[in-house]
Amino acid sequence: MRREEARMAEAPLRLVQFTKSFYFGGTEVQVVELLRGLPSSYRVQVSVLDAVGPLMEPIRKMGITPEEFSLKGSLASPNTPRQVLRMARWLKQERVELVHVHDFYATMLAVPAAKLAGCKVIVGRLDLAHWHGKARRKLLQGLTRMADHVVGNAEAIRRMLIQEEGIAPEKISVIPNGLDLARFDQRMREGLQAPLPDTHGEPVVVHVANMNHPVKRQEDLLQALATVRRQGKALHAFLVGDGPRRPELVRLAESLGLADRVHFLRHRADVPAIYAQADFGVLCSSAEGMSNAVMEGMAARLPMVVTDVGGNPELVADGERGLVVPPMKPEALAGAFLTLLEDRERGRQMGAEARAFVERELSLTRLVRRHDELYRRVTRGG
């Protein structure tokens, strides 16, 4: 190896992590975990479209000041190409070797900027593109093809990229999300930050998801709870999350006669402690990538009831670590709830298997190691 090559092999890898913002969300949490876990052999910087959100605090505590490239409105505005050029200049100035971009809007800037700057770019594809219309999905497909590599967090995403978008299989890596179990367990031990509704010792199911988009299908959960009640079984639901759909969901719960059984907790920072108060968890989306909410429920030793979409069945495995039901079928959801209510010991066994799976397959150490290996292979062939 020539002296210059040897020096480069030993030099810190100059990496940029790029996402939209740092509000609480599965993607943002995973970026923070990566930043915490990557070894000192990296010189890591962060760029964002908007330097806002509660997760900015841990970023700054790491000594990182994100570089902001604000879109300031529509992607079609003249500001977008200006930000692409500005980012390309910044990447060259900082001698960045690799950009890992995690968000649709950030991808619109990161891929062309990286190509102009002559550095590598990895595009994270962390959902089934169910949020986007045809035009946006076509644009995302084109930029994904331009990238040097693509990372998905579930096999379902890999299949979609190959079958629907024509991405070469060798260009795709699947790296499941990771969970810092030590921190999760500590948050669980710290307990609740605010009281929970009194359920009088009756069973509880927990649902953690935003209320921004119908894809989360909280209405199916409410319909299932109404069926369970008609069957004469007591079951309360804690819905953690908020968004513009909450008022209509509250009205639906009231119309179904569930006002005393369905509890809207809004945003909570003590989700591990809430899971600890539950008998099982649920995620009934019509589309998903790899859900952090499901992972956290499993880490809390809960059997999870999930819909057969995206990465859900990869996490749960029907009958092993929880129950998998068809999407948008409230009657199937109710049947799974009744199964767990009638066989509590089976639920405890599935919850124990779920925790063991998280410990074995979804550790933060594994997440960081696999990204480290990928980053070095893409940039330096190592």
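The structure presented is a predicted model; accordingly, all values stated were derived computationally and were not measured.

Calculation rules
- Residues numbered from 1 in each chain as written.
- Predicted model: local features only at pLDDT ≥ 70, side-chain atom pairs only at ≥ 80, totals over all residues.
- Heavy atoms only, no water.
- Pairing = 2+ DSSP bridges.
- Helix = DSSP H or I, 4+ residues; strand = E, 2+ residues; numbered from the N terminus.
- Axes fitted to C-alpha atoms, helices over the stretch in contact; angles between N-to-C directions.
- Parallel < 35°, antiparallel > 145°, perpendicular 65-115°, else oblique.
- Left-handed = near helix turned anticlockwise from the far one by under 90°.
- Contact = heavy atoms within 4.5 Å.
- Nonpolar A, V, L, I, M, F, W, Y, C, P; charged D, E, K, R; others polar.
- Buried < 20%, exposed > 50% of the residue type's maximum accessible area, 1.4 Å probe, protein only.
- Expected span 1.5 Å × (residues − 1).
- Core = buried A, V, L, I, M, F, W, Y, C linked by side-chain atoms within 4.5 Å.
- Right-handed = clockwise from strand over helix to strand, strands pointing away.
- Phe/Tyr/Trp six-rings, centres within 6.5 Å; stacked < 30°, edge-to-face > 60°.
- Lys NZ or Arg CZ within 6 Å of the ring centre and 35° of its normal.
- Arc of directions from axis to C-beta.

Novice: How should I be thinking about the sheet that holds strand β6 (residues 149–152) in this particular structure?
Specialist: Strands belonging to one sheet form pairs held by backbone hydrogen bonds; the direction of such a pair is parallel or antiparallel. One open sheet accounts for seven strands, arranged β3-β2-β1-β4-β5-β6-β7; its pairing is parallel. Since the sheet does not close on itself, it has two edges, and those belong to β3 (67–68) and β7 (172–174), each with one partner. Pairing of strand β4 (residues 98–101) with strand β5 (residues 120–125), which is carried by four bridges, proceeds in the parallel orientation. Residue pairing in the sheet places Val101 in a bridge with Val123 of β5.

Novice: I keep staring at the packing of helix α9 (residues 218–230) against helix α10 (residues 246–255) and nothing clicks. Help me out?
Specialist: Angle between the axes and distance between the axes: these two values describe a pair of packed helices. At a minimum axis distance of 10 Å, the contact between α9 and α10 shows a crossing angle of 15°. Relative to α10, the element α9 is oriented roughly parallel. In this structure, α9 meets α10 at a crossing whose hand is right-handed. Across from Gln218, Glu219, Leu222 and Gln223 in α9, the residues of α10 making contact are Leu249, Leu252 and Ala253. Here the contact of α9 with α10 is built from residues that sort into four nonpolar, two polar and one charged.

Novice: I keep staring at the sheet that holds strand β11 (residues 280–283) and nothing clicks. Help me out?
Specialist: The six strands are arranged β10-β9-β8-β11-β12-β13 in an open sheet whose pairing can be described as parallel. Each edge of the open sheet carries a strand with a single partner, namely β10 (262–266) and β13 (322–325). Direction aside, neighbouring strands of the sheet carry axes that sit 20° apart on average. Across three bridges, β11 lies against strand β12 (residues 304–307) in parallel orientation. Note on β12: the bridge partner recorded for Val282 is Val305. Relative to the sheet, helix α12 (residues 292–299) contacts β8 (204–208), β11 and β12, its axis offset from that of β12 by approximately 160°.

Novice: What should I look at first to understand the environment of Met188 in this one?
Specialist: Mapped onto the secondary structure, Met188 falls in helix α8 (residues 181–190). In the structure, Met188 is positioned 87 residues away from Tyr275 in sequence and 8.3 Å away in space, judged by C-alpha atoms. The residues contacting Met188, other than those within four sequence positions of it, are Pro272, Ala273, Ala276 and Ala300.

Novice: Before we go on, may I ask you to explain unusual backbone geometry in this structure?
Specialist: Excluding glycine, most residues fall at negative phi; most peptide bonds, likewise, are trans. Located in the positive-phi region is Arg95, a residue other than glycine, with phi close to 55°. Along the chain, Arg95 falls in the loop between α4 (79–93) and β4. A relative accessible area of 54% means that Arg95 is categorised as exposed.

Novice: How should helix α16 (residues 364–380) be read in this particular structure?
Specialist: Working note: α-helix, 3.6 residues per turn, so residues spaced by three or four point in the same direction. The terminal C-alpha atoms of α16 lie 24 Å apart, and with 17 residues this matches the ideal 24 Å at 1.5 Å per residue to within 8%. Restricting attention to buried positions, one finds in α16 the residues Leu364, Leu367, Val368, His371, Asp372, Leu374, Tyr375, Val378 and Thr379. Gly381, located one to two residues past α16, shows a positive phi value of around 70°.

Novice: Sorry if this is basic, but what is going on with the nonpolar core here?
Specialist: A general feature of soluble globular proteins is that nonpolar side chains tend to end up buried together. Within the largest apolar cluster, 40 residues are counted, with the highest numbers of intra-cluster contacts made by Val206, Tyr275, Val294, Met298, Met304 and Leu315. Counting residues per element, this core draws most heavily on α12, at five residues. The contact partners of Val294, leaving out residues within four places of it in the chain, are Leu283, Met304, Val306, Asn312, Leu315 and Val316. Met211, Val228, Ala336 and Leu341 belong to the second largest nonpolar core, which has 29 residues in total.

Novice: Whenever I open this one, the pairing of β8 confuses me. Can you help?
Specialist: Every other side chain in a regular strand lies on the same face of the sheet, so the side chains alternate between the two faces. Along β8, five of the five residues are buried, which leaves the element largely enclosed by surrounding structure. Both faces of β8 are covered, namely the face carrying Val204, Val206 and Val208 and the face carrying Val205 and His207. Summarising the sheet, β8 and strand β9 (residues 236–240) pair through five bridges and their orientation is parallel. Paired with His207 across the strands is Leu239, a residue of β9. Handedness of the β-α-β unit built from β8, α9 and β9 comes out right-handed. Here β8 pairs with β11 via three bridges, running parallel. Opposite Val205, over in β11, you have Phe280 as the bridge partner.

Novice: Can you help me understand the packing of aromatic side chains in this one?
Specialist: Both the distance between ring centres and the angle between the ring planes are used here to describe each pair of aromatic rings. Within this structure, the stated rule accounts for five aromatic pairs. Relative to Tyr375, the ring of Tyr42 lies with its centre 6.1 Å away and its plane at 70°, an arrangement referred to as edge-to-face. With a gap of 333 residues between them, Tyr42 in strand β2 (residues 42–48) and Tyr375 in helix α16 connect regions that are remote in the sequence. Exposure class is identical for Tyr42 and Tyr375. Each is buried. Ring geometry for Phe104 versus Tyr105: centroids 5.0 Å apart, planes at 80°, classification edge-to-face. On the basis of relative accessibility, which here comes to 9%, the residue Phe104 falls in the buried class. When the ring centre of Phe357 is taken as reference, the NZ or CZ atom of Arg321 above it lies at 3.8 Å.

Novice: I would appreciate a short explanation of helix α7 (residues 155–163) in the present structure.
Specialist: Of all the residues in α7, the buried ones are Ala156, Ile157, Met160 and Leu161. All buried residues of α7 project into a common sector of 135° when viewed along the axis, lining one side. Those residues of α7 hidden inside the fold are in contact with β5, α6 (134–146), β6, β7 and α13 (312–316).

Novice: How do you make sense of the packing of α12 against helix α15 (residues 344–361) when you look at a structure like this?
Specialist: Where α12 meets α15, the axes come as close as 7 Å, and the angle between the chain directions of the two elements is 115°. When the interaxial angle is binned, α12 and α15 end up roughly perpendicular. Packed against α12, whose contacting residues are Met295, Met298 and Ala299, the element α15 presents Gly351, Ala354, Arg355, Phe357 and Val358 at the interface. When grouped by side-chain class, the residues that make up the contact of α12 with α15 number six nonpolar, one polar and one charged.

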